Amino acid sequence: MARYGINSRISAIAYDPVQSLLAAGTSETQFGSGEIYVFGQERVSAVFSLPRKASTSILQFCGDKLLAVAKNELYVFSLDERKLVTSYAPPGHATCVLTDPALDYAFIGLQNGWLWLLFQCAAISSFP
């Protein structure tokens, strides 16, 4: 993986067949926080850095956004603008994330059995 510039252990992966994108999240090391690498066709690539020292545990594409969970915080990255749009800390440990490529919704499953619905992922509006 060093050939592609990934210099840490991969901890999460996501694939979007519609946009032909592959995202790989890495673990934190003593040198810094984990990063998220996005690869596509025709040499398309982007690197997103997590704002805090953390390892990526979940990655999921949601339209033109990439959702990442790291240290129990949800980060929303814009693929078009190639930057962090917003972040959200759910009221519990996130164990899974499910999105629909046609909608701007994300379901977050928590360890305590709760299911949170986020809509308009760019704005992070939620209700239990």
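Scroll up a little and you will see the structure.
Let us look at the structure shown here. Not measured: the values here are computed from a predicted model.

Rules used in this analysis
Residues numbered from 1 in each chain as written. Predicted model: local features only at pLDDT ≥ 70, side-chain atom pairs only at ≥ 80, totals over all residues. Heavy atoms only, no water. Helix = DSSP H or I, 4+ residues; strand = E, 2+ residues; numbered from the N terminus. Buried < 20%, exposed > 50% of the residue type's maximum accessible area, 1.4 Å probe, protein only. Pairing = 2+ DSSP bridges. Axes fitted to C-alpha atoms, helices over the stretch in contact; angles between N-to-C directions.

1. Things to note about the environment of A23
Part 1: Inspection of the secondary structure assignment puts A23 in strand β2 (residues 21-26).
Part 2: For A23, a relative accessible area of 0% puts it in the buried group.
Part 3: In the structure, A23 is positioned 15 residues away from V38 in sequence and 4.3 Å away in space, judged by C-alpha atoms.

2. Thoughts on the sheet that holds strand β6 (residues 65-70)
Part 1: Here four strands make up an open sheet; going across it, the order is β5-β6-β7-β8 and the pairing antiparallel. At either end of the open sheet lies a strand with only one pairing partner, and these are β5 (56-62) and β8 (83-88). Averaged over all neighbouring strand pairs, the angle between strand axes comes to 25°, with direction disregarded.
Part 2: Pairing between strand β7 (residues 73-78) and β8: five bridges, direction antiparallel. Bridging across to β8, Y75 finds its partner in S87.

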